[in-house]
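# Reading the structure
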Amino acid sequence: MTSLRTVTVQNPSISLSSRARLPSAFSSSTNLRFSPAAAPHRRLITVAASNKSAVLVDERPGEAGIAASNKPTVLVAEKLGQAGIALLSKLANVVCEYNLSPEELCAKISLCDALIVRSGTKVTREVFEASKGRLKVVGRAGVGIDNVDLAAATEFGCLVVNAPTANTVAAAEHGIALLAAMARNVAQADASIKAGKWQRNKYVGVSLVGKTLAVMGFGKVGSEVARRAKGLGMHVVAHDPYAPADRARAIGVDLVSFEEALSTADFISLHMPLTPATSKVLNDETFAKMKKGVRIVNVARGGVIDEEALVRALDSGIVAQAALDVFTEEPPPTDSKLVQHERVTVTPHLGASTVEAQEGVAIEIAEAVVGALNGELAATAVNAPMVPAEVLTELKPFVELAEKLGRLAVQLVAGGSGVKTVKVSYASSRAPDDLDTRLLRAMITKGLIEPISSVFVNLVNADYTAKQRGLRITEERIILDGSPENPLESIQVQIANVESKFASALSDSGEIKVEGRVKDGVPYLSKVGSFEVDVSLEGSIILCRQVDQPGMIGKVGNALGEENVNVSFMTVGRIAPRKQAVMAIGVDEPPSKQALKRIGDIPAIEEFVFLKL
Ligand SMILES: NC(=O)C1=CN([C@@H]2O[C@H](COP(=O)(O)OP(=O)(O)OC[C@H]3O[C@@H](n4cnc5c(N)ncnc54)[C@H](O)[C@@H]3O)[C@@H](O)[C@H]2O)C=CC1
Ligand SMILES: O=C(O)C(=O)COP(=O)(O)O
């Protein structure tokens, strides 16, 4: 006997901008694909029947430089290493066009399935709008994604991937290069000697050994900078609200508060991303808390410093020197006081610009973009929940079931609209934290929304789209005793506060209720309202409520047969013999109005509904 326990999860929230990383075991072998749906050039994450890649079909007319072909088109808008171009070319029509104006980019983007940029291209909301839904993936060939409008990408269901690892060392080495060059006035002395001078007294520097370096942002680059600075004999502290203490301990770095970092540092090196929280984090107020004569290195983003405040801090002597690779506006204005300042050393955003890093980044981003175009969930996705490959493989049939249950449930709503409150119950023997339902929820959302609207829904935009439409989906876990081998026994979708066009789909408490399970890898409908059924979820379904009596199957079968509708299966679920029953009939093609009328005319049929899967 199966015993039931219930755990309710209200308002599940996942951050679509979560940057959680997949375990390295994430492989590209998943069968979850972007497949055609709302429009031929559109792909949704769904389950492909085979492993064949779901390549994109460009059915639009060509434009100069972007030829129409049946390969996906990838626009490479900034210089990318040759190895990356070669990888992309195996799958796609690759168009390299650099230095496009925002208008030119918008003009071309509706012909592109993917766009690859570095930090020099702003991928704005206008770009996503101009793509008219065709752009499915933006690849950022580097780490910082502050030049991509992630909210707009998510709204448009466009996946954003980056290349987070290949330029780490290059950026760290550049940070160390700037640190040493600044301390010893290398750039200024070089310019002076080239101007015919020999100023040995003017360019006396300061030593690094024994000085305190505060690393702000102890992520990949920050920790590599810290490691190298330790090697130079510096005392290194780090500030990072999210960094694990054991990582810092392993390198011999003290994690300290923001205030402590500012007040103790002789040198400050910035390595946090540019976000609303880090924007202008160094400003008049924070400069005032620093040790007089502090030296600052910025290889992160110009926007984390209030540049006007930095000029004031340099002039007042709080900041002795600064070395900057990045600027709020790139390139900075030629008359920028900061750039022209005698005690400021500058480079034109060269942190990632080594031969090695650029080859690595090109391969990393090309692999991510090719994977995304093939419909795989990218390991470096920035705006989609991460689901490891092994979980995807296991959930695959349930993903299909989830979408179909959503589709069935919404088609049972009278008028189709007004769906606001949906409860999903997952019955499983697994522990609650051993079942990742985000993908299932996204697919139920897709099933609920797509049949009644023109929007398309995928894993990227499912939660956003539900929220926009005021659709509240709560999830409930029903924990079964038994073997946790199968991830799920059943999924139940209930829609509350609506009328149904098929009254038998209502549960005793008045919600539309459908339940399904997976048998031999195939999704089945197992319950409608209070009626048990057993219907493979393929093709389309007619549900009829009838008075249980001999001959009904024959009558309905005849009506359909005479209208040339091929029946794939029929099952009957009944409350008791000769009482009410629900017959589920699978049909290969949609029946004509005439065929449906003939079913309705059978006297014992009390109600019926045709549902497309
Ligand atoms: N100049 C260049 O060419 C390059 C610049 N970068 C910049 O460096 C940044 C860091 O790159 P990675 O280390 O690879 O990224 P990462 O994601 O590994 O590390 C960023 C770290 O900053 C921390 N952080 C977030 N908010 C913070 C805050 N308010 N205060 C302190 N720390 C905070 C995070 O917890 C994380 O540990 C990138 O976002 C990018 O903007 C990266 C590569 C090259
Ligand atoms: O990876 C990053 O965040 C960088 O800043 C590197 O930028 P880039 O690709 O060299 O324009």
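The structure displayed is predicted, hence computed values, not measured ones. (Residues numbered from 1 in each chain as written. Chains lettered and ligands numbered in written order. Predicted model: local features only at pLDDT ≥ 70, side-chain atom pairs only at ≥ 80, totals over all residues. Heavy atoms only, no water.)

Taken together, 24 residues are adjacent to ligand 1, and K220, V221, D240, V299 and D325 come closest. Contact between ligand 1 and K220: an oxygen atom at 2.8 Å from a side-chain N or O atom of the residue. Taken together, the residues that form the shell around ligand 1 break down as 12 nonpolar, eight polar and four charged. (Near = heavy atom within 4 Å. Polar contact = N/O pair within 3.5 Å; in protein donor to acceptor, adjacent residues only side chain to side chain. Nonpolar A, V, L, I, M, F, W, Y, C, P; charged D, E, K, R; others polar.)

Here we come to the side chain of D325. As for its placement among the helices and strands, D325 is situated in the loop between β14 (319-324) and α12 (337-340). A distance of 2.5 Å separates a polar atom in the side chain of D325 from the backbone nitrogen of L350. When residues no more than four places from it in sequence are discounted, the contact partners of D325 are H174, L178, N298, V299, E330, T347, P348, H349, L350 and G351. (Helix = DSSP H or I, 4+ residues; strand = E, 2+ residues; numbered from the N terminus. Contact = heavy atoms within 4.5 Å.)

All residues adjacent to ligand 2 are R118, S119, R140, A141, G142, V143, G144, N167, R301, H349 and A352. V143 has a polar backbone atom sitting 2.6 Å from an oxygen atom of ligand 2. Against a free-state accessible area of 310 Å², the protein chains account for coverage of 91% of ligand 2. Looking at the shell around ligand 2 residue by residue, the classes come out as three nonpolar, five polar and three charged. (Areas by Shrake-Rupley, 256 points an atom, 1.4 Å probe, with all protein chains shown as cover.)

Quick look at the sheet that holds strand β22 (residues 540-547) now. Sheets are built from strands paired through backbone hydrogen bonds, the pairs being either parallel or antiparallel. Pairing is antiparallel in the open sheet, where four strands are placed in the order β23-β24-β22-β25. Of all strands in the sheet, those bounded by a partner on one side alone are β23 (567-574) and β25 (605-612). Taken pair by pair, the neighbouring strands of this sheet meet at an average axis angle of 15°, ignoring direction. In this structure, β22 lies alongside β25, joined through seven bridges in antiparallel fashion. Across the sheet, I541 pairs through a bridge with L611, a residue of β25. Taken strand by strand, helix α17 (residues 552-562) contacts β22, β23, β24 (580-587) and β25, and its axis lies near 35° from that of β24. Here helix α18 (residues 593-601) sits on the sheet and contacts β22 and β25; the angle it forms with β25, its principal contact strand, is near 155°. (Pairing = 2+ DSSP bridges. Axes fitted to C-alpha atoms, helices over the stretch in contact; angles between N-to-C directions.)

Residue E330 is joined to P331 through a cis peptide bond whose omega torsion reads -5°. The phi torsion at K132 lies on the positive side, around 50°, for a residue other than glycine. Relative to the helices and strands, K132 is located in the loop between α3 (125-130) and β7 (137-140). In this structure, K280 is a non-glycine residue whose phi angle is positive, near 50°.

One recurring pattern in soluble globular proteins: nonpolar side chains tend to sit buried together. L412, V422, L448, I491, I495, L525 and L543 are the most contacted members of the largest nonpolar core, which totals 53 residues. With 10 residues, helix α14 (residues 389-411) is the single largest residue contributor to this core. In this structure V422 touches L448, L471, R472, I473, T474, V493, Q494 and I495, once residues within four positions along its chain are discounted. Membership of the second largest hydrophobic core comes to 31 residues, among which are M272, V294, A300 and I305. (Core = buried A, V, L, I, M, F, W, Y, C linked by side-chain atoms within 4.5 Å. Buried < 20%, exposed > 50% of the residue type's maximum accessible area, 1.4 Å probe, protein only.)

Here the focus is the packing of aromatic side chains. Taken as a whole and judged by the stated rule, the model has one aromatic pair. Ring centres of F128 and F156 lie 6.3 Å apart, and the angle between their planes is 25°; on these two criteria the pair is classed as stacked. Of this pair, F128 sits in helix α3 while F156 is found in the loop between α4 (150-155) and β8 (159-162), placing the two residues 28 residues apart along the sequence. By relative accessible area, which is 1% here, F128 ends up buried. Here K519 stacks its cationic end above the ring of Y524, 4.3 Å away from the centre of that ring. (Phe/Tyr/Trp six-rings, centres within 6.5 Å; stacked < 30°, edge-to-face > 60°. Lys NZ or Arg CZ within 6 Å of the ring centre and 35° of its normal.)

Moving on, we get to the packing of helix α1 (residues 82-91) against helix α13 (residues 355-373). Across the interface, α1 lies against α13 with an axial gap of 7 Å and an inter-helix angle of 15°. The angle between the axes of α1 and α13 places the two elements in the roughly parallel class. As for the relative orientation of α1 and α13, their crossing is right-handed in sense. Packed against α1, whose contacting residues are Q82, A83, G84, L87, L88 and L91, the element α13 presents E359, A362, I363, A366, E367, V369, V370 and L373 at the interface. Across the contact of α1 with α13, the residue classes break down as 10 nonpolar, two polar and two charged. (Parallel < 35°, antiparallel > 145°, perpendicular 65-115°, else oblique. Left-handed = near helix turned anticlockwise from the far one by under 90°.)

Right, let's talk about the environment of K423 for a bit. One can find K423 in strand β16 (residues 421-428). Residues K423 and E476 lie 53 residues apart in sequence; the distance between their C-alpha atoms is 7.3 Å. Beyond its immediate chain neighbours, meaning those up to four positions away, K423 contacts T474, E476, Q492, V493 and Q494. In terms of polar contacts, K423 uses its side chain to reach the side chain of E476, at 3.5 Å.

Mapped onto the fold, V94 is located in strand β5 (residues 93-96). Between the alpha carbons of V94 and A114 there is a distance of 9.5 Å; along the sequence they are 20 residues apart. Those residues in contact with V94 that sit more than four places away from it in its chain are V74, V76, I85, L88 and S89.

Below, the discussion takes up helix α2 (residues 102-109). All buried positions along α2 are accounted for by L105, K108 and I109. Buried residues along α2 cover an arc of 100° about the axis, so they all sit on one side. Structurally, α2 contributes buried residues whose contacts are with β4 (73-76), β6 (114-117) and α3. (Arc of directions from axis to C-beta.)

This part covers the sheet that holds β7. Pairing within the open sheet is parallel, and its five strands lie in the order β5-β4-β6-β7-β8. Only two strands of the sheet have a single partner each, and these edge strands are β5 and β8. For this sheet, the mean angle separating the axes of adjacent strands, direction not counted, is 20°. Judged from the four bridges that link them, β6 and β7 form a sheet pairing that is parallel. Looking across to β7, one finds that I116 is bridged to G139. The strands touched by α1 within the sheet are β4, β5 and β6, with β5 carrying the most contacts at an inclination of about 140°.

For the rest of this paragraph, the subject is the packing of α17 against α18. Look at α17 against α18: their axes get within 9 Å of each other, and the N-to-C directions meet at 160°. On the basis of the axis angle, α17 is roughly antiparallel to α18. The way α17 lies across α18 gives a crossing that is right-handed. Where α17 abuts α18, its residues V556, A559, L560 and E562 lie against A595, R598 and I599.

Another point: helix α11 (residues 307-316). Taken residue by residue, α11 has A309, L310, V311, A313 and L314 as its buried positions. On its buried face, α11 sits against α10 (284-287), β14, α12 and β15 (344-346). Sitting at the amino-terminal end of α11 is D306, which places a side-chain oxygen 3.2 Å from the backbone nitrogen of E308.

Right, let's talk about the pairing of strand β9 (residues 212-216) for a bit. Taking burial as the measure, the five residues of β9 include five buried ones, the bulk of the element. Alternating residues of β9 divide into T212, A214 and M216 and L213 and V215, and every residue in both groups is buried. The pairing of β9 with strand β10 (residues 235-239) spans five bridges and is parallel. Residue V215 lies in a different strand from β10, and its bridge partner there is A238. Handedness of the crossover is the feature at issue here: the chain leaves β9, passes through helix α7 (residues 220-231), returns alongside β10, and the resulting connection is right-handed. Note that β9 and strand β12 (residues 267-270) share four bridges and pair parallel. Bridged to M216 within β12 is L270. (Right-handed = clockwise from strand over helix to strand, strands pointing away.)

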